[in-house]
Amino acid sequence: MAGHIEALIQAEQPIFEADIIDGKAFAAGLTARIKVEVAEIRSNCDKVPGLAVVLVGEDPASSVYVASKRRETQAAGMSSFEHRLPDTTSQEDLMELVRQLNADPLVHGILVQLPLPRHLDADAVIEAIDPAKDVDGFHIANAGKLAVGQNALVPCTPLGCMMLLKDLLGDLTGLHAVVVGRSNIVGKPMAQLLLQEDCTVTIAHRHSRDLASLTRTADIVVVAVGRPEMVRGDWIKPGATVIDVGINRVVQDGRSRLVGDVAFAEMGHARAITPVPGGVGPMTIGCLLSNTLEAFRRAQARDRASAKENS
Ligand code: NDP
């Protein structure tokens, strides 16, 4: 267990019975399995899964994310194509790059790092990505497929949350899940995934009344709001599972640290909780690799089908 979490628990809550979900270890296992699969692909065919990442501008946090995506992609044995563009890039130039990547047979996944500089229309860029290469799962075609239960590429963060939940709880049928937050990249797809697992799902947001009484009825609470430690211990019923997606930097006693959207130290009565950092965060890149591998496999299947048709 990370030292800072131990310190939190000891300092603030002597009885802490909740399991701490180790997303870092789970993600390491996931990427190790992907690495083995990619090695098998490499030994059996002349193609390799390829991920293209596009970064526009100099945002330092985005630059760090992109560098770590490149490292992980290469470590998994996949091809990594990085496109760093100046923040003066025009909409048309960015759209042209997306069109080129759509047509490139070596690229199976395309990710445009968000946020984009303010003069660029992110929605238009996402809609220009071939849905079959949309490994972020943000394209409206993938969102629609997820909503109707078809084979979508699913956004990485909720996909990672669902992997952790299934690993911990197994069958989720009939459980009541409350998702706090309704963004297109986390809250809404998370709710769809829980619905697919036959949970009863409540989606809460800024206008929800008496949020604490809603979350208190839940067996599973997923929080993605971007508000440091908003969810308190008495919002959670004993034995519930808490997934904290939030990543917030706070300064306390002159020291900067990351906290989630959930008051971690007050969650000792939960069945289990993801820590921040080390919970959901590490799953996101693992799921990006998993989606890239999936996009590659689907492309191979389409190639085989069209070769058969033409023969
Ligand atoms: P958004 O800002 O897009 O959405 C936040 C959501 O929270 C909105 O639906 C908003 O409601 C809701 N909300 C805000 N305040 C309240 C409140 N007081 N009560 C109830 N609901 C509220 O954020 P994201 O979904 O993109 O991200 C959420 C958090 O997750 C952030 O901390 C982000 O950093 C983190 N994150 C972590 C990732 C990871 O890899 N671990 C990946 C992505 C995000 P409304 O719609 O009504 O405005």
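Nothing here was measured: the structure is a model prediction, and the numbers come from that model.

Trainee: Please give an account of the environment of T217 that cites residues and values.
Mentor: As for its position among the elements, T217 is in the loop between α9 (211–215) and β7 (220–223). Each C-alpha atom of the pair T217 and I285 lies 32 Å from the other, and the pair is 68 residues apart in sequence. Among residues more than four places away in sequence, those in contact with T217 are H176 and K237.

Trainee: Please set out the sheet that holds strand β6 (residues 200–204) residue by residue, giving values where relevant.
Mentor: One open sheet accounts for six strands, arranged β1-β11-β8-β7-β5-β6; its pairing is parallel. Here the strands that pair on one side only, and so sit at the sheet edges, are β1 (19–20) and β6. In the sheet, strand β5 (residues 176–180) pairs with β6 via five bridges, with the strands oriented parallel. Looking at the pairing, V180 lines up with A204 of β6. The strands touched by helix α7 (residues 156–169) are β7, β8 (241–244) and β11 (272–273); relative to β8, the strand with the most contacts, the crossing angle is about 160°. Across the face of the sheet, helix α8 (residues 187–196) comes into contact with β5, β6 and β7 while running at roughly 170° to β5.

Trainee: Break down the nonpolar core for me, with residues and values.
Mentor: Of all hydrophobic cores here, the largest spans 47 residues; its most connected members are I34, L165, M190, L194, I220, I243 and V245. Counting only elements with at least two residues in this core, the list comes to α2 (23–44), β2 (50–56), α7, β5, α8, β7 and α10 (281–310). Here this core gets seven residues from one element, more than from any other, and that element is α10. Of the domains in this structure, domain 1 (46–130) and domain 2 (155–282) are the two that each give at least three residues to this core. L194 has contacts with M162, L165, L172, A177, V179, C199, V201, I220 and V222, leaving out every residue within four places of it along the chain.

Criteria and cut-off values
Residues numbered from 1 in each chain as written. Predicted model: local features only at pLDDT ≥ 70, side-chain atom pairs only at ≥ 80, totals over all residues. Heavy atoms only, no water. Helix = DSSP H or I, 4+ residues; strand = E, 2+ residues; numbered from the N terminus. Contact = heavy atoms within 4.5 Å. Pairing = 2+ DSSP bridges. Axes fitted to C-alpha atoms, helices over the stretch in contact; angles between N-to-C directions. Core = buried A, V, L, I, M, F, W, Y, C linked by side-chain atoms within 4.5 Å. Buried < 20%, exposed > 50% of the residue type's maximum accessible area, 1.4 Å probe, protein only. Domains from an automatic or database assignment.

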